Amino acid sequence: MPMFVDTSPPGACIFCRLIAGDIPAARVYEDAQTIAFMDLGQVTPGHVLVASKRHAPTLYELSPEEAGAVMATAQRVAVAVRAAFDPPGLTLLQANGALGGQTVGHFHLHVVPRYEGDGVSFTWLRQEPGPDVLNAYAERLRQAWGPAQG
């Protein structure tokens, strides 16, 4: 994960200032709800960030419409990245909270072109708890879903 961590207060975060035009950015795309711009810390050539324009710290604070708009913009960016950089793979990354790896407290997705030997890795210890545990997890989620989740 990157070494940069934005410690600005909400509403004054680096992305809010970028959206307002107070700091420069290499903008790729912009619409009413989203903005896409080049990440200053390029993981690979063509690494783009897609953010909600409204300040929402994490996925949890986005409206469903904003979440859909960000994903639609990310898909447009991915198609452009493929046309411009021709990577053999692409990773979308979204982190929530410090423990999740989030370093800027403003919702955003990373669109990262992937190349052989690019040094990027995602590893974890695979766990296979079995069908009874998986079904219990699924039930917990269904119970949590509730009417507010749609």
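On a predicted model such as this, the values are computed, not experimentally measured, just so you know.

1. Some points on the nonpolar core
Part 1 of the argument: Ranked by size, the top nonpolar core spans 13 residues in total, and within it V48, V50, V77 and V111 carry the most contacts.
Part 2 of the argument: When contributions to this core are tallied by element, the ones reaching two or more residues are strand 3 (48–52), helix 2 (64–85) and strand 5 (108–114).
Part 3 of the argument: If one sorts the elements of this core by residue count, helix 2 sits on top with five residues.
Part 4 of the argument: Those residues in contact with V111 that lie beyond four places of it in its chain are G46, H47, V48, V50, A74, V77, A78, V81, L90, T91 and L92.

2. Considering the pattern of salt bridges
Part 1 of the argument: Overall, the coordinates contain six salt bridges when judged by the stated rule.
Part 2 of the argument: Two residues, E30 and K53, come together in a salt bridge whose shortest N-O distance is 2.8 Å. Taken together, the residues span a long stretch of sequence, with E30 in strand 1 (residues 27–30) and K53 in the loop between strand 3 and helix 2 at a distance of 23 residues.
Part 3 of the argument: When its relative accessible area of 23% is taken as the criterion, K53 is described as partly exposed.
Part 4 of the argument: E139 is paired through a salt bridge with R142; the nearest N and O atoms lie 2.7 Å apart. With E139 and R142 both in helix 4 (residues 131–145) and three residues apart, this pair spans about one turn of that helix.
Part 5 of the argument: Linked through salt bridges whose partners overlap, the residues forming this network are R27, E30 and K53.

3. A word on the sheet that holds strand 2 (residues 34–38)
Part 1 of the argument: Read across the sheet, five strands follow the order 1-2-3-5-4 without closing on themselves; strand pairing throughout is antiparallel. Single-partner strands in this sheet number two, and they are strand 1 and strand 4 (89–93). Neighbour to neighbour, the strand axes of the sheet diverge by 15 degrees on average, direction disregarded.
Part 2 of the argument: Examined bridge by bridge, strand 1 and strand 2 share three bridges and lie antiparallel to one another. Residue pairing across strands places R27 opposite F37, the latter belonging to strand 2.

Here is what the cut-offs are and how they apply
- Residues numbered from 1 in each chain as written.
- Predicted model: local features only at pLDDT ≥ 70, side-chain atom pairs only at ≥ 80, totals over all residues.
- Heavy atoms only, no water.
- Core = buried A, V, L, I, M, F, W, Y, C linked by side-chain atoms within 4.5 Å.
- Buried < 20%, exposed > 50% of the residue type's maximum accessible area, 1.4 Å probe, protein only.
- Helix = DSSP H or I, 4+ residues; strand = E, 2+ residues; numbered from the N terminus.
- Contact = heavy atoms within 4.5 Å.
- Salt bridge = Lys/Arg side-chain N within 4 Å of Asp/Glu carboxyl O.
- Pairing = 2+ DSSP bridges.
- Axes fitted to C-alpha atoms, helices over the stretch in contact; angles between N-to-C directions.

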